Amino acid sequence: MHRAFPKDFLWGGATAGSQYEGGYGLGGKGSSTSDIEYFQPSEVRKTLKEKRVPTREDVLKSMDDTLNYYPKRFGSDFYHRVDEDIELMAELGFKAYRMSLSWPRIFPKGDEENPNKEGLRFYEHIFKKLREKHIQPVVTLSHFEFPIHLALEYDGWINRKTIGFFERYVKTVFERYKDYVKYWITFNEINILNYSGFLSAGITSDSVHDSKAGYYQAAHHQFIGSALAVKWCHEIIPDAKIGAMLSRRYTYPKTSKPEDVYENYRSSQLTQFYSDVQVRGEYPRYMNRHFDELGISIKVEEGDLDLIKNNTVDFLSISYYSTGVVSAVPEDDFVAGNLAPSERNSFLEQTEWGWQIDDIGLRTCLNDLYDRYRVPIFIVENGLGAVDIVEEDGSINDEYRIHYLKRHIQQVQEAILDGVEVMGYTIWGWIDLVSLTTSQMEKRYGLVYVDADDYGQGTYDRSRKKSFDWYKGVIESNGKVL
Ligand code: BGP
């Protein structure tokens, strides 16, 4: 069997502005929903609890707070190290770099008529540098960084007006970057809106009476935002591709008991509801019953469904870290995962943060998604968060990370052989950055080490880990040498 990856396979790395960029308040940047998360040492391991949703008052307090440390305001200081970091990407041989734009860097409050020129120049510089190095940017329009002003004044994505603000922002960036960016992604992990409602949609706990109804209404508005982004992207940059993005924690039924199997199926439908709308262009019929059971109805205006139908995405991108288990009557034996806890699978090992490691699950998941949608799949996040030890000579021997990545890449190759169209693979946090769920720096994913601790102490200097050379070899050999 011919085991090569496709010759135009997009190997690379991924980051998100709110966890990597820093530059808080610089260059005219407005505050984002990520800027108000402070580091809480008690929450650093095994994120079992669902995140507490802040009230308006919490948000206002955080903005004036001088006692706590807010890691996402500083990230890994990419803002001041663009050229140096892009040199490292080039040394690794990246074909693609997945990044996100900060909406409030471009529209500081979100509802202005005109963009912040300095913000636009900042990203243009990045795109120029990437072009010099022949690296394709893959740009997410919204990755947990929503303008605070829109959260406080408009209740975020619950308000239909937000669609118009988003449309203005996306048209602005498509026009400005049309010569540089040919791969776009709409909303990061749109399907976890009920866990990340504040971060991704600006919904404070006091802006909704019925949170489920509010989240689904916000999702409807994001679907329209996504359809408009697809429409304008295709019109302004005809040679570009734009995709949806799911957090795809694939799940297994706990037993072969039909009740467990059904519950798992149902839970999977509720995750794929989002990509069903964005890829297939319509609300799936199974959601009617779900909305009825919840006693909610979504406000849909004339023209919404046609817009969604006529503007489906070109590809589906996913984050994949672990798998979960679902049963009809859950036992009280939960493990952690990105944002949502899951039941334990005794066949799987866990990371130091309790995320279950399942490389074969990635192959199953890729096959499953491709069977359902028949559009190319892009793995835009996968990686291992671990504590790294810096040896006396400065080296970092992260064999465990190499082992994790290798196992997963092997399964990507199996899926390609199964016939799945996989566009590319970008390692999450190719350079250390602030953790989404715990706001830690010590939960490291990188091939490159950043000298900073959980309180932002350190030089922020970069150094290569053992996995750096390994991944460079993988890209050089187009996946032949793993
Ligand atoms: C995904 C997010 C990323 C990211 C990753 C790892 O859900 O899209 O932003 O950070 O999870 O999560 P964590 O940083 O909490 O380990």
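Computed from a predicted structure; not experimentally measured.

Some words on the sheet that holds strand β11 (residues 377-381)
Ordered by their spatial adjacency, 8 strands build a closed barrel running β1-β2-β3-β4-β5-β7-β11-β12, and the pairing between neighbours is parallel. For this sheet the average axis-to-axis angle between neighbouring strands, irrespective of direction, equals 25 degrees. Here strand β4 (residues 183-187) runs beside strand β5 (residues 241-247); their pairing, made up of 3 bridges, is parallel. Bridge assignment links W184 to a residue of β5, and that residue is I242.

Some words on the packing of aromatic side chains
Under the definition given, this model contains 38 aromatic pairs. The interplanar angle of 80 degrees and the centroid separation of 5.2 Å between the aromatic rings of Y216 and F291 together place this pair among those described as edge-to-face. Here the residue Y216 occupies a position in helix α9 (residues 211-236), and F291 occupies one in helix α11 (residues 286-294), the gap between them amounting to 75 residues. With relative accessibility at 11%, the residue Y216 sits in the buried group. Under the relative-accessibility criterion, F291 is labelled buried at 9%. Centroid distance F273 to Y283: 5.7 Å. Interplanar angle 55 degrees. Geometry classified as tilted. A residue pair is termed long-range when its members are at least 10 positions apart, and F273 in helix α10 (residues 258-280) and Y283 in the loop between α10 and α11 qualify at 10 residues. Judged by relative accessible area, F273 falls into the buried class, the value being 1%. For Y283, a relative accessible area of 21% gives the class partly exposed. These aromatic residues form a ring-pair network of at least three members: F5, F9, W11, F94, Y425, W430, W470 and Y471.

Section: the site of the ligand
As a structural note, the neighbourhood of the ligand is formed by 15 residues, with Q19, E189, L436, T437 and Y445 the closest of them. At a separation of 2.7 Å, an oxygen atom of the ligand approaches a polar side-chain atom of K443. Take Y445: an N or O atom from its side chain is 2.5 Å from an oxygen atom of the ligand. Its residues assigned to classes, the shell around the ligand shows 6 nonpolar, 6 polar and 3 charged.

Some details on the nonpolar core
Counting residues in hydrophobic clusters, the biggest one holds 134 residues, and the most contacted among them are L101, F127, F174, W184, I318, W430 and Y471. Of all the elements, α9 adds the most residues to this core, at 13 residues. Residues L10, Y183, F315 and V380 belong to the second largest nonpolar core, which totals 10 residues.

Here's the deal with the packing of helix α7 (residues 161-177) against α9
Axes are the key here: two packed helices are described by the angle between their axes and the distance separating the axes. Look at α7 against α9: their axes get within 10 Å of each other, and the N-to-C directions meet at 25 degrees. By the angle between their directions, the pair α7 and α9 is classed as roughly parallel. Between α7 and α9 lies a crossing whose hand is right-handed. Packed against α7, whose contacting residues are I163, F166, E167, V170, K171, F174 and E175, the element α9 presents H221, I224, G225, L228, A229, W232, C233 and I236 at the interface. Its residues assigned to classes, the contact of α7 with α9 comprises 10 nonpolar, 2 polar and 3 charged.

Re the pattern of salt bridges
By the definition in use, this model includes 37 salt bridges. Where E145 meets K29, a salt bridge forms, and the shortest distance between an N and an O atom there is 3.4 Å. Residue E145 is found in the loop between β3 (136-142) and α6 (148-154), and its partner K29 is found in the loop between α1 (17-20) and α2 (56-64); the two are separated by 116 residues along the sequence. The exposure class assigned to E145 is buried, which follows from its relative accessible area of 3%. R444 serves as the salt-bridge partner of E442, at 3.5 Å between the closest nitrogen and oxygen. Residue classification places E442 among the partly exposed positions, given a relative accessible area of 22%.

Re helix α13 (residues 359-373)
Over its 15 residues, α13 extends 22 Å from the first C-alpha to the last, a length consistent with the 21 Å expected when each residue adds 1.5 Å. Turning to α13, its buried residues number three or more, namely D359, G361, L362, C365, L366, N367, L369, Y370 and Y373. The secondary structure elements touched by the buried residues of α13 are β6 (251-253), α10, β7 (315-319), β11 and α14 (399-418). Of the residues flanking the start of α13, the one acting as N-cap is D358, its side-chain oxygen 3.5 Å from the backbone nitrogen of I360. Following α13 by one or two positions, R374 adopts a phi angle in the positive range, close to 55 degrees.

Topic: α7
In a regular helix each residue adds 1.5 Å, so 17 residues correspond to 24 Å; α7 covers 25 Å between its end C-alpha atoms and thus fits that length. Considered for burial, the residues of α7 that qualify are T162, I163, F165, F166, Y169, V170, T172, V173, F174 and Y177.

Basis of the calculations
Residues numbered from 1 in each chain as written. Predicted model: local features only at pLDDT ≥ 70, side-chain atom pairs only at ≥ 80, totals over all residues. Heavy atoms only, no water. Pairing = 2+ DSSP bridges. Helix = DSSP H or I, 4+ residues; strand = E, 2+ residues; numbered from the N terminus. Axes fitted to C-alpha atoms, helices over the stretch in contact; angles between N-to-C directions. Phe/Tyr/Trp six-rings, centres within 6.5 Å; stacked < 30°, edge-to-face > 60°. Buried < 20%, exposed > 50% of the residue type's maximum accessible area, 1.4 Å probe, protein only. Near = heavy atom within 4 Å. Polar contact = N/O pair within 3.5 Å; in protein donor to acceptor, adjacent residues only side chain to side chain. Nonpolar A, V, L, I, M, F, W, Y, C, P; charged D, E, K, R; others polar. Core = buried A, V, L, I, M, F, W, Y, C linked by side-chain atoms within 4.5 Å. Parallel < 35°, antiparallel > 145°, perpendicular 65-115°, else oblique. Left-handed = near helix turned anticlockwise from the far one by under 90°. Contact = heavy atoms within 4.5 Å. Salt bridge = Lys/Arg side-chain N within 4 Å of Asp/Glu carboxyl O. Expected span 1.5 Å × (residues − 1).

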